[in-house]
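A look at the structure
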Amino acid sequence: MAEINEVKNPHPKRRLILKAALEVFMEKGFYKAKMEEIAQQAGVGKGTIYEYFSSKENLFCETLKESMEIYGRLITEEMEKGQTVREKLFRLIKKTYEIGEQFRPLANIVILERSIIDKDFMEWIMEEHLSRLQVLEQIIREGVERGELRPVNEKIAARIFFGGSGVFMRPELLEGIDLQQEQLVEEIIDCYLKGLYK
């Protein structure tokens, strides 16, 4: 599992608390998770948590932020291993699916309990989305320049792909599709790159 301690963090106790919070939130959900449990899991006193985080909501948002930063880094690293547009997009979808399965409980909290996400954090998430869209736009632009793709509006193409790949963060939405992961990703990339029109 990708862990919180992979993120460069100058405060070891803060890192331990975030790692413990991730485990407890994923196991118990937001409302059933207790700060005492997180403190115990991190090996610190409950009061120590409040030295770094103002509330359970703040701790959850920071845990989610760290997890999303890990996700963004892993996805970028994976895409950089690909040479062609097809390889890069294949790697993006496959890694997104793997991370989606891994962090599914965390994603469920965000979807079902949106009231705990504050406005500033939602703005941060939007900035992250825009940053990832720019990476996709660049990949598509380079594909057009190299002749791998026909000329398209890269902003629209990036958003279509970004929206579709988001399904893989919730693998249960893929129920009814009876394919192995590799074949599933191949067919998605095929639909995306070739389109539906005969």
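Up top is the structure.
Each pocket or cavity is described by its volume, and for the second largest pocket that value is around 360 Å³. Considering the residues around the second largest pocket, the lining is formed by Ile140, Leu149, Arg150, Val152, Asn153, Ile156, Ala157, Ile160, Tyr192, Leu193, Lys194 and Gly195. Mapped by element, the contributors of at least two residues to the lining of the second largest pocket are helix 8 (154-165) and helix 9 (181-194). Taken together, the residues of the lining of the second largest pocket break down into eight nonpolar, two polar and two charged.

Within the secondary structure, arginine 14 sits in helix 1 (residues 12-28). Within the structure, arginine 14 has its side chain in polar contact with the side chain of glutamate 62 (distance 3.0 Å).

Turning our attention to the pattern of salt bridges. Counted by the stated rule, this structure contains 18 salt bridges. One salt bridge connects arginine 132 with glutamate 128, and the closest N-O pair in it is separated by 3.2 Å. A residue pair is termed a helical-turn pair when its members lie 3 or 4 positions apart in one helix, as arginine 132 and glutamate 128 do in helix 7 (residues 119-145) at four residues. We note a salt bridge from glutamate 142 to arginine 146, for which the minimum N-O separation is 4.0 Å. Glutamate 142 gets classed as partly exposed once you look at its relative accessible area, which sits at 26%.

A cluster of acidic side chains, namely Asp118, Asp120, Glu123 and Glu127, defines a negative patch on the protein surface. If you trace the backbone, aspartate 118 turns up in the loop between helix 6 (104-112) and helix 7.

Considering all chains together, one arrives at six aromatic pairs under this definition. Both rings, one in phenylalanine 25 and one in phenylalanine 60, keep their centres 5.2 Å apart while their planes meet at 90 degrees; by these two values the pair is edge-to-face. Linking phenylalanine 25 in helix 1 with phenylalanine 60 in helix 4 (residues 56-80), this pair joins segments that are 35 residues apart in sequence. Phenylalanine 25 gets classed as buried once you look at its relative accessible area, which sits at 0%. When the centroid spacing of 5.5 Å and the interplanar angle of 20 degrees are considered together, the rings of phenylalanine 121 and tryptophan 124 count as stacked.

Another point: the environment of glutamate 69. Among the structural elements, glutamate 69 can be located in helix 4. Separated by 59 residues in sequence, glutamate 69 and glutamate 128 place their C-alpha atoms 8.7 Å apart.

Grouped together as the largest cluster of nonpolar side chains are 52 residues, with contacts concentrated most on Phe25, Ile38, Ile49, Leu59 and Phe60. Broken down by secondary-structure element, the contributors of at least two residues to this core are helix 1, helix 2 (35-42), helix 4, helix 5 (85-102), helix 6, helix 7, helix 8 and helix 9. Counting residues per element, this core draws most heavily on helix 4, at 10 residues. Each residue touching phenylalanine 60, except ones within four places of it in the same chain, is listed here: Phe25, Phe30, Leu106, Ile109, Val110, Ile116 and Ile117.

Parameters at a glance
Residues numbered from 1 in each chain as written. Predicted model: local features only at pLDDT ≥ 70, side-chain atom pairs only at ≥ 80, totals over all residues. Heavy atoms only, no water. 1 Å grid on protein atoms, 1.4 Å probe; cavity = no way out; pocket = protein on both sides within 12 Å on 5 of 7 lines; lining within 4 Å. Points joined across faces, edges and corners; volume = space filled by probe spheres on them. Helix = DSSP H or I, 4+ residues; strand = E, 2+ residues; numbered from the N terminus. Nonpolar A, V, L, I, M, F, W, Y, C, P; charged D, E, K, R; others polar. Polar contact = N/O pair within 3.5 Å; in protein donor to acceptor, adjacent residues only side chain to side chain. Salt bridge = Lys/Arg side-chain N within 4 Å of Asp/Glu carboxyl O. Buried < 20%, exposed > 50% of the residue type's maximum accessible area, 1.4 Å probe, protein only. Patch = residues over 30% accessible without salt bridge, like charges linked within 9 Å, V, L, I, M, F, W, Y side chains within 5 Å. Areas by Shrake-Rupley, 256 points an atom, 1.4 Å probe, with all protein chains shown as cover. Lys, Arg positive; Asp, Glu negative; His and termini not counted. Charge placed at Lys NZ, Arg CZ, Asp CG, Glu CD. Phe/Tyr/Trp six-rings, centres within 6.5 Å; stacked < 30°, edge-to-face > 60°. Core = buried A, V, L, I, M, F, W, Y, C linked by side-chain atoms within 4.5 Å. Contact = heavy atoms within 4.5 Å.

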